[in-house]
Amino acid sequence: MSRLQTTDGLSEEQHELIKLVREFVEEQILPVATELEHRDEYPTDIVEGMKEMGIFGLMIPEEYGGLGESLLTYALVVEEIARGWMSVSGIINTHFIVAYLILQHGTEEQKQRYLPRMATGEVRGAFSMSEPGMGSDVAAIRTKAVKEGDEWVVTGQKMWLTNGGSANLVAVLVRTDLGESDSPYKNMTTFLVDKEPGFGETAQGITVPGKIEKMGYKGVDTTELVLDAHRAPETQVLGGVPGKGFYQMMDGVEVGRVNVAARACGLSRRAFELGIAYAQQRETFGKKIAEHQGILFRLADMATKVEASHQMMVKAARLKDAGARNDLEAGMAKYLASENCADVVEQSFRIHGGYGYSKEYEIERLYREAPMLLIGEGTAEIQKMIIGRRLLEDYRAR
């Protein structure tokens, strides 16, 4: 274990689990990641391996068939997986957020119906807030659900669903006009939408077009979701009460930001490992390039950013586990880790020189993957808004 992988205060069980995942990454993910990524091929065998390890149920309580682990344990596992291949950690992230939403906000019937099957990976989750043209403005959601009898009729188009094709359960945030309100966010509801895995029309009124072609973040399917008069019974409203969807989703996104920070930590750690290894192999002007002061300074800067990101992510996770408010720390962790990741990957890319531009070298894949983390679960600008507003709450002028 390198110095950049240590976390103090973990139990023996946590250390053993992380060690098991690290071995899985070394043996099952790293050897095939670049080849699968270049083919944009879904990592079926890797997913099956994670099912067997219980990773899909990592944070689901034991009473529902999961492992009942903490957010910190989950984040450290995700960090290891992202070190192997960031796309695989994305498959876990969306599933984890949906399971968290059901556990925290679902009815007991919804928990009993979904969580045991989510723990085994039989039910795989995706969630959707974004729409074409909406960006970060959640208040601009147009997808709408209208009450007809004891059902809701949902119509609209959602965008950027990770796992959109492979999932068979999607948590969807839509507009439900429930009367006069002083806030547009109080007229939103989260629906739990069942569908068959695959593309095309997967259920009555549900269509998943083909995969969106992306610069990076390949292997995992990113899709649109078209809802055309899809009929959802009352039992599919998350928590059973309409109008609470925005606040439910924000709770899910908050823990999702810790996840994205963990993914950025894993990706940047891998970039650092590749850079420092190459610097000790490549020779110029009669010595290893690691011995040149410019490269040595670059490595020092990279390692410092990797460690700082990791510690900020750990702090955010521990606060949430303790039941404390962590939106400030989660925003800081996501912002710091994703920005640092982009910089560390680019520095490793520069260390590789011309070879970094070749598809034969792993750093080329990482260079295309890092930008997604700058956007996922909110851009840097959104994180700064969250951080700034929370700071004003904590440091009000007197």
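To be clear, the structure that these remarks concern was listed above.
Residues numbered from 1 in each chain as written. Predicted model: local features only at pLDDT ≥ 70, side-chain atom pairs only at ≥ 80, totals over all residues. Heavy atoms only, no water.

Regarding a negative patch on the surface
Alright, step 1. Together, E12, E13, E16, E23 and E27 line one region of the surface with negative charge.
Alright, step 2. Among the structural elements, E16 can be located in helix 1 (residues 12–39).
Alright, step 3. Judged by its relative accessible area of 46%, E16 falls in the partly exposed class. (Patch = residues over 30% accessible without salt bridge, like charges linked within 9 Å, V, L, I, M, F, W, Y side chains within 5 Å. Areas by Shrake-Rupley, 256 points an atom, 1.4 Å probe, with all protein chains shown as cover. Salt bridge = Lys/Arg side-chain N within 4 Å of Asp/Glu carboxyl O. Lys, Arg positive; Asp, Glu negative; His and termini not counted. Charge placed at Lys NZ, Arg CZ, Asp CG, Glu CD. Helix = DSSP H or I, 4+ residues; strand = E, 2+ residues; numbered from the N terminus. Buried < 20%, exposed > 50% of the residue type's maximum accessible area, 1.4 Å probe, protein only.)

Some remarks on the packing of aromatic side chains
Alright, step 1. Applying the stated criterion to the full structure yields six aromatic pairs.
Alright, step 2. Aromatic side chains F246 and Y247 sit 5.4 Å apart centroid to centroid with 85 degrees between the ring planes, which places their arrangement in the edge-to-face category.
Alright, step 3. For F246, a relative accessible area of 13% translates into the label buried.
Alright, step 4. Centre to centre, the rings of Y355 and Y361 are 5.3 Å apart; their planes meet at 40 degrees, and the pair counts as tilted.
Alright, step 5. Connected via pairs of aromatic rings, a cluster forms that spans Y278, Y355 and Y361. (Phe/Tyr/Trp six-rings, centres within 6.5 Å; stacked < 30°, edge-to-face > 60°.)

Re the packing of helix 7 (residues 293–321) against helix 8 (residues 327–352)
Two packed helices can be described by the angle between their axes and the distance between those axes.
Alright, step 1. In contact at an axis separation of 9 Å, helix 7 and helix 8 are set at 155 degrees when each is read in the N-to-C sense. It follows that helix 7 is roughly antiparallel to helix 8 by the angle criterion. In this structure, helix 7 crosses over helix 8, and the sense of that crossing is left-handed. (Axes fitted to C-alpha atoms, helices over the stretch in contact; angles between N-to-C directions. Parallel < 35°, antiparallel > 145°, perpendicular 65-115°, else oblique. Left-handed = near helix turned anticlockwise from the far one by under 90°.)

Structural notes on the packing of helix 3 (residues 71–84) against helix 4 (residues 86–105)
Alright, step 1. It is the contact of helix 3 with helix 4, at a shortest axis distance of 6 Å, that shows an interaxial angle of 150 degrees. Judged on the interaxial angle alone, helix 4 and helix 3 are roughly antiparallel. From helix 3, L71, Y74, V78, I81, A82 and G84 reach across to helix 4, where they touch M86, V88, S89, I92, N93 and F96.
Alright, step 2. Here the residues of the contact of helix 3 with helix 4 are counted per class, giving nine nonpolar, three polar and no charged. (Contact = heavy atoms within 4.5 Å. Nonpolar A, V, L, I, M, F, W, Y, C, P; charged D, E, K, R; others polar.)

Quick notes on helix 9 (residues 362–375)
Alright, step 1. Inspection of helix 9 places E362, I363, E364, R365, L366, R368, E369, A370 and L373 among the buried residues, and these make up the whole buried set.
Alright, step 2. Buried residues along helix 9 sit against helix 1, helix 3, helix 4, helix 6 (245–279) and helix 8.
Alright, step 3. One or two residues past the end of helix 9 sits E377, with phi positive at roughly 60 degrees.

Quick notes on helix 6
Alright, step 1. For helix 6, built from 35 residues, the straight-helix expectation of 51 Å at 1.5 Å per residue is met to within 8% by its first-to-last C-alpha distance of 50 Å.
Alright, step 2. Counting buried residues along helix 6, 31 of its 35 residues qualify, which places the element largely inside the surrounding structure. (Expected span 1.5 Å × (residues − 1).)

Observations concerning the pairing of strand 8 (residues 222–233)
Alright, step 1. Strand direction decides the pairing type here: strand 3 (residues 151–162) and strand 8, joined by nine bridges, are antiparallel. Note on strand 8: the bridge partner recorded for G156 is L227. (Pairing = 2+ DSSP bridges.)

A closer look at the nonpolar core
Alright, step 1. By size, the foremost hydrophobic cluster in this structure holds 96 residues, and its most contacted members are I29, M50, I102, M118 and M313.
Alright, step 2. Here this core gets 16 residues from one element, more than from any other, and that element is helix 6.
Alright, step 3. Residues contacting M118, with those up to four places away along its chain left out, are F56, G57, I60, H95, V98, A99, I102, V123, G125 and L169.
Alright, step 4. Core analysis: the next-biggest nonpolar cluster, separate from the first, contains 17 residues, A126, V154, V170 and V237 among them. (Core = buried A, V, L, I, M, F, W, Y, C linked by side-chain atoms within 4.5 Å.)

Thoughts on the side chain of E364
Alright, step 1. Among the structural elements, E364 can be located in helix 9.
Alright, step 2. Judged by relative accessible area, which is 10%, E364 ranks as buried.
Alright, step 3. Among the polar contacts made by the side chain of E364, one reaches the side chain of R368 at a distance of 2.7 Å.
Alright, step 4. Among all residues touching E364, those that are not within four sequence positions of it are H38, G356, Y357, S358 and K359. (Polar contact = N/O pair within 3.5 Å; in protein donor to acceptor, adjacent residues only side chain to side chain.)

Some details on the pattern of salt bridges
Alright, step 1. Here the structure, examined in full by the defined rule, presents 33 salt bridges.
Alright, step 2. A salt bridge links E148 to R231; the nearest nitrogen and oxygen atoms lie 3.1 Å apart. Of the two residues, E148 sits in strand 2 (residues 144–148) while R231 sits in strand 8, which places them 83 residues apart along the sequence.
Alright, step 3. Residue class for E148 comes out partly exposed when judged on its relative accessible area of 41%.
Alright, step 4. The residue R325 makes a salt bridge to D327 at a minimum N-O spacing of 3.0 Å.
Alright, step 5. Given a relative accessible area of 47%, R325 falls into the partly exposed group.
Alright, step 6. The structure contains a network of salt bridges with shared partners spanning R22, E26, E79, E80, R83, R269, R270, E273, E362, R365 and E369.

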